[in-house]
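The chain contents come next:
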Amino acid sequence: MAEGILGLGSSGSLELNDELIEKLKTAETTAYVDPIDDSIEKKEAELTASEKIADKIAELLTVVEGFDLYTSDTNVFDQVTASTTGTSASFDATDTSNLNPGTIVVNVTQLATKDVYQSSLISDPTSYIGAGKLTITVGEDSYTFDTTDEMTYEDLVTNLNYTSALDASLEKVSDNSYRLVIKSSESGLENAVTISQTDIDLGFGADESHIQTSQNFIGTIDGISYNMSSNKITMNNGLIITAVDEGKSSISISNDDSYITEQISKMATVYNELVDLVSSSTTADDDGNVLISDSSAIKSILSDIKNMFFDSYGLEDEENIFVYGISFDTSGYMQIDASELAEAVTNNYDDLKELFVGYAEKEGIGTKLSTYLDDLDSSSGTLTTFLNKVQSSIDDLNDNKEEEETRIDTKYQQLSEQFAAYTVIITQMENAFQSLKILMDSNNNDN
């Protein structure tokens, strides 16, 4: 088929126009959209690097909180180790912050026990008891239980256990018999139990029914005499002593020096990892590219942390880390002399605690640094503000990209429609010229 007198009409020209439009569109996309994509890629890499730094700061905070005066958990310097001797008592503590090094000796003379009663033998626990009344006194409180002709032993046990001061059960004592057992819920003389029966006889009146008599714990702790209703004694310092047998036991408590050195070393390790991340993210590579373009905020955070390590502490500003085997090399990495630090923990325990933990009126490194690091990711903190700024830049770039893509798509869609319209008009014109040409050629032939 002919391409037309003007060379612009016919379907062939449509294909040519689509190809031309696509080339123009690709060129404009390369010029306007691709640079935005490059900027987004760089900003996303910056955000990733910044988030890694934020994660490392959070990790450092976790370690530092162990040295915080106000920590809700046990402070590093409050960690203790304990060794025990004897089997008459067990030892526990929910909070070791008040435990002082030393040995505590427990001598158990008598264990606290509960009152325990047993009924006469019962062949069938589902049988009926009969109408009557059971009165049980626990300490100074009395409880009355009415029985009926339609009440079983199982029903009675259920009713008894509604009273928190009592512990009742049906115990199978042989292949064919049971006993109703009634105990005080708590041990000691103040929880002594007496039982009386009216119009019924369950066997609680017999001497053999009272199978265990309540008594108090009697013993000494570090020579101090105790006469308590419970075998579990909570000392003022938080130590929980539970007597389990008659005899003598002891617990020796000492500061956990190895844990202190371990946590200080861990602090140095995490700090050095943070230095690595900041350095690699803010230093230009061989091509001059930097992961974090605006690094002033990140560098200032690292500088603030380092300054806290360099600062003086103690009530008289007499304490600093450099006299306890901690130093910094020329690259800014923290170094630990393990033997010197271990010696300081052993011989200068209180001074080291003053340095790292401090007091309310003069906070130590850990307390001060913990507050600082915790504030960084608050809603208005330096780190939060920085991360939000990077994310906002990415969002703006994505919006710009979308606007440019929409503009280019719209432009070339309109151009394509215009080319299609022009093609129709030109094709019509060419068809008209073709008809005219035929007439002209016919007239020439006639002549």
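As the structure is a computational prediction, the values presented were derived from the model and not from experiment.

**A short note on the pattern of salt bridges**
Part 1 of the argument: Throughout the structure, instances matching the rule amount to twelve salt bridges.
Part 2 of the argument: The partner of Arg407 in a salt bridge is Glu28, and the shortest N-O contact between them spans 2.9 Å. Of this pair, Arg407 sits in helix H9 (residues 382–446) while Glu28 is found in helix H1 (residues 10–32), placing the two residues 379 residues apart along the sequence.
Part 3 of the argument: Judged by relative accessible area, which is 10%, Glu28 ranks as buried.
Part 4 of the argument: Here Asp78 makes a salt bridge to Lys353, at a shortest N to O gap of 3.5 Å. Taken together, the residues Asp78 in the loop between helix H2 (34–64) and strand E1 (80–85) and Lys353 in helix H7 (residues 349–356) connect sequence positions 275 residues apart.
Part 5 of the argument: Note on Asp78: relative accessible area 14%, which makes it buried.

**Focus on the pairing of strand E14 (residues 239–243)**
Part 1 of the argument: Most of E14 sits inside the fold, with four of its five residues counted as buried.
Part 2 of the argument: Note that strand E2 (residues 89–93) and E14 share five bridges and pair antiparallel. Residue pairing across strands places Ser90 opposite Thr242, the latter belonging to E14.
Part 3 of the argument: Across three bridges, the pairing between strand E13 (residues 232–234) and E14 is antiparallel. The residue bridging Lys232 from the neighbouring strand is Thr242, located in E14.
Part 4 of the argument: Two successive antiparallel strands, E13 and E14, enclose a turn made up of four residues, where Gly238 displays a positive phi of approximately 95°.

**Topic: the UniProt feature "domain: Flagellar hook-associated protein 2 N-terminal" (unreviewed entry) in the chain**
Part 1 of the argument: In the numbering used here, UniProt assigns the feature "domain: Flagellar hook-associated protein 2 N-terminal" (unreviewed entry) to residues 18–115.
Part 2 of the argument: End C-alpha to end C-alpha, residues 18–115 measures 100 Å, and it is 47% helix and 20% strand.

**Looking at the sheet that holds strand E6 (residues 141–147)**
Part 1 of the argument: Spatially, three strands are ordered E6-E5-E9 in an open sheet, and the strand pairing comes out antiparallel. If you trace the sheet from one side to the other, it starts and ends with E6 and strand E9 (193–198), each paired once. Direction aside, neighbouring strands of the sheet carry axes that sit 15° apart on average.
Part 2 of the argument: Examined bridge by bridge, strand E5 (residues 132–138) and E9 share six bridges and lie antiparallel to one another. Across the sheet, Val138 pairs through a bridge with Val193, a residue of E9.
Part 3 of the argument: Against the sheet, helix H3 (residues 153–160) contacts E5 and E6, and its axis sits at roughly 155° relative to E6.

Here is what the cut-offs are and how they apply
Residues numbered from 1 in each chain as written. Predicted model: local features only at pLDDT ≥ 70, side-chain atom pairs only at ≥ 80, totals over all residues. Heavy atoms only, no water. Salt bridge = Lys/Arg side-chain N within 4 Å of Asp/Glu carboxyl O. Helix = DSSP H or I, 4+ residues; strand = E, 2+ residues; numbered from the N terminus. Buried < 20%, exposed > 50% of the residue type's maximum accessible area, 1.4 Å probe, protein only. Pairing = 2+ DSSP bridges. UniProt positions renumbered as here; feature names shortened; annotations may be inferred. Axes fitted to C-alpha atoms, helices over the stretch in contact; angles between N-to-C directions. Contact = heavy atoms within 4.5 Å.

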